[in-house]
Amino acid sequence: MFFNLILLQEVNYIPKKGVKFCIECGKENISIIENRCRDCYLSSFPLIKQKTDKLAIKICKECFNYYHRRWIKPRETEFNNFLNEILEERIDTFIQAQEDVVVSFDFDITARLFWTNRKFDLYVKGEKYFPEFGENLITNLTLSIKVMFTYCDSCLKLRSGSYNAIVNITRAKQFNESEINYFFKTIEKKVEKMQSQDRMAFLAKYTIDKRKVKLCFGSEKIAKTVAESFLNQLGGISREHTTMTPKSYSKGKKHDKLIINLKLPPFTIGDVISIDDVPYLIKSVNKDIINIYNLPELKNQIISLKDKIDFRILKARDELEKFTVVSIYDDIIQIMNERTYQTYEILKKDELLNINIQDKLTGLVYNNQVFIIPKNDE
Ligand SMILES: [Zn+2]
Ligand SMILES: [Zn+2]
């Protein structure tokens with residue numbers, strides 16, 4: 001009996017000729033779009049979709065300007081209307097809607113929770129009439145929106161006159177664009193993290209020269225945090241001093257401004273330098289302590305930037321040569337420089353034991369000798 005039941009059900013699923021059926025759930029004799037019934041259509045093609053997983057609104061904590069492509073002065077002052085105004089501008093950046101879908105939204109948050117929780121739920125509804133179904137279909141979404149408090153352009157300008165600490169970054173080698181970007185990305189992250197406890201945690205102004213970047217910060221704390229982060233990532237030596245003005249004396253302040261001078265080494269991780277004609281790979285940096293790898297002797301060493309060691313840069317990481325393994329016999333590996341097509345023979349030392357023909361290696365030619373960068377340090 002049980003067996004029969006299953007058979008019957010299966011038979012029911014085979015559509016009769018000319019009968020409309022849903023390719024997802026098999027329902028028959030119904031209205032369909034894209035071969036799907038109403039419910040299956042909605043789950044396959046929701047009327048609205050969340051665009052990105054980072055949903056936020058940015059508001060100036062000083063003047064309540066909000067950000068949408070640029071800083072905008074709100075027309076509304078009452079909280080609900082104010083939030084509504086911002087969301088009306090921002091909603092298109094949060095969701096993607098099918099053609100002709102009417103989008104509406106709602107929220108249920110008090111002003112107090114909004115300013116303290118810094119996030120809220122936004123209920124979004126997408127609605128569209130489908131003549132095929134003879135009714136309106138609806139997709140509902142609940143979006144979690146982050147509220148970010150920062151300073152708008154004009155408030156920042158007002159504050160740019162007031163800074164208490166300067167970080168000067170210098171290096172013998174010119175900064176390139178990606179390094180400058182790295183500086184500002186790091187500052188942005190630290191400022192965002194510290195702003196809630198330190199209202200002077202902001203970058204007031206800066207200047208960029210080829211070999212010097214000057215950063216003026218609102219507070220000493222943010223300046224120290226940023227400088228520390230640069231030192232840990234790039235290595236270098238840091239010296240601090242303070243300045244004094246008659247005005248600060250009369251105010252009873254211990255000092256006027258804190259100055260942090262960071263001297264970065266001209267190399268970064270992955271570069272190859274030479275000391276006394278021996279090539280070394282820069283493996284890691286931590287403030288003035290640099291871990292280097294002796295390429296001829298295949299061993300790790302440590303140097304301190306404070307020791308004023310005489311070195312020169314042989315190759316920056318992205319200038320290193322590429323080699324292909326051409327053949328291997330016994331303990332000799334033959335490799336070819338991909339740029340010059342010149343071939344070299346190297347000894348099959350410990351680190352090259354697992355090498356196969358056609359493998360790619362990175363290294364450099366120095367004093368007519370080839371040095372290969374260990375695989376995990378490339
Ligand atoms: Zn269906
Ligand atoms: Zn503002």
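Keep in mind that this is a model prediction, so the values were computed, not measured.

Side note on the coordination of the zinc ion (ligand 2)
Each pair of donors in an ideal four-coordinate tetrahedral metal site encloses 109.5 degrees, whereas pairs in an ideal six-coordinate octahedral site enclose 90 or 180 degrees.
Turning to step 1, where the next piece is worked out: Within the first shell, the zinc ion (ligand 2) binds the protein through C60 (SG), C63 (SG), C152 (SG) and C155 (SG), at distances of 2.2 to 2.3 Å.
Turning to step 2, where the next piece is worked out: Every donor counted, the four donor atoms about the zinc ion (ligand 2) form angles of 107 to 114 degrees at the centre, which fits tetrahedral coordination.
Turning to step 3, where the next piece is worked out: Mapping the donors of the zinc ion (ligand 2) onto the primary sequence yields the spacing C-x2-C-x88-C-x2-C.

Observations regarding the pattern of salt bridges
Turning to step 1, where the next piece is worked out: Under the criterion given, the structure shown has 12 salt bridges.
Turning to step 2, where the next piece is worked out: K299 serves as the salt-bridge partner of E297, at 3.0 Å between the closest nitrogen and oxygen.
Turning to step 3, where the next piece is worked out: Given a relative accessible area of 40%, K299 falls into the partly exposed group.
Turning to step 4, where the next piece is worked out: For E338, the salt bridge is made with K360, and the minimal N-O distance between the two is 3.1 Å. Residue E338 is found in the loop between β20 (332-337) and β21 (343-347), and its partner K360 is found in strand β22 (residues 360-366); the two are separated by 22 residues along the sequence.
Turning to step 5, where the next piece is worked out: Residue classification places E338 among the partly exposed residues on the basis of a relative accessible area of 31%.
Turning to step 6, where the next piece is worked out: A single network of salt bridges, built from pairs that share partners, joins R38, D39 and E135.

Points about the domain arrangement of the chain
Turning to step 1, where the next piece is worked out: Domain annotation of the chain identifies domain 1 (2-150), domain 2 (160-264), domain 3 (272-317) and domain 4 (320-377).
Turning to step 2, where the next piece is worked out: Between the C-alpha centres of domain 3 and domain 4 there is a distance of 21 Å.
Turning to step 3, where the next piece is worked out: In this complex, domain 3 contributes 15 residues to the contact, which on the side of domain 4 involves 12 residues.
Turning to step 4, where the next piece is worked out: Summed over both sides, the interface between domain 3 and domain 4 buries roughly 1200 Å², with carbon and sulfur atoms accounting for 67% of that surface.
Turning to step 5, where the next piece is worked out: The largest share of the area that domain 3 buries against domain 4 comes from L295, L298 and K315, three residues that together contribute 34% of it.
Turning to step 6, where the next piece is worked out: The interface formed by domain 3 and domain 4 contains zero salt bridges.
Turning to step 7, where the next piece is worked out: Joining domain 3 to domain 4, the criterion identifies three residue pairs in polar contact (both at pLDDT 80 or more).
Turning to step 8, where the next piece is worked out: Every element with two or more residues in the side of domain 3 that touches domain 4 is listed here: β14 (272-275), β15 (278-286) and β18 (311-315).
Turning to step 9, where the next piece is worked out: In the side of domain 3 that touches domain 4, the residues fall into nine nonpolar, one polar and five charged.

Analysis parameters
Residues numbered from 1 in each chain as written. Chains lettered and ligands numbered in written order. Predicted model: local features only at pLDDT ≥ 70, side-chain atom pairs only at ≥ 80, totals over all residues. Heavy atoms only, no water. Donors = N, O, S within 2.8 Å, 3.2 Å for Na, K, Ca; no water. Tetrahedral: all angles 85-135°; square planar, octahedral: opposite > 155°, others 65-115°. Salt bridge = Lys/Arg side-chain N within 4 Å of Asp/Glu carboxyl O. Buried < 20%, exposed > 50% of the residue type's maximum accessible area, 1.4 Å probe, protein only. Helix = DSSP H or I, 4+ residues; strand = E, 2+ residues; numbered from the N terminus. Domains from an automatic or database assignment. Contact = heavy atoms within 4.5 Å. Buried area = accessible area lost by both parts, 1.4 Å probe. Polar contact = N/O pair within 3.5 Å; in protein donor to acceptor, adjacent residues only side chain to side chain. Nonpolar A, V, L, I, M, F, W, Y, C, P; charged D, E, K, R; others polar.

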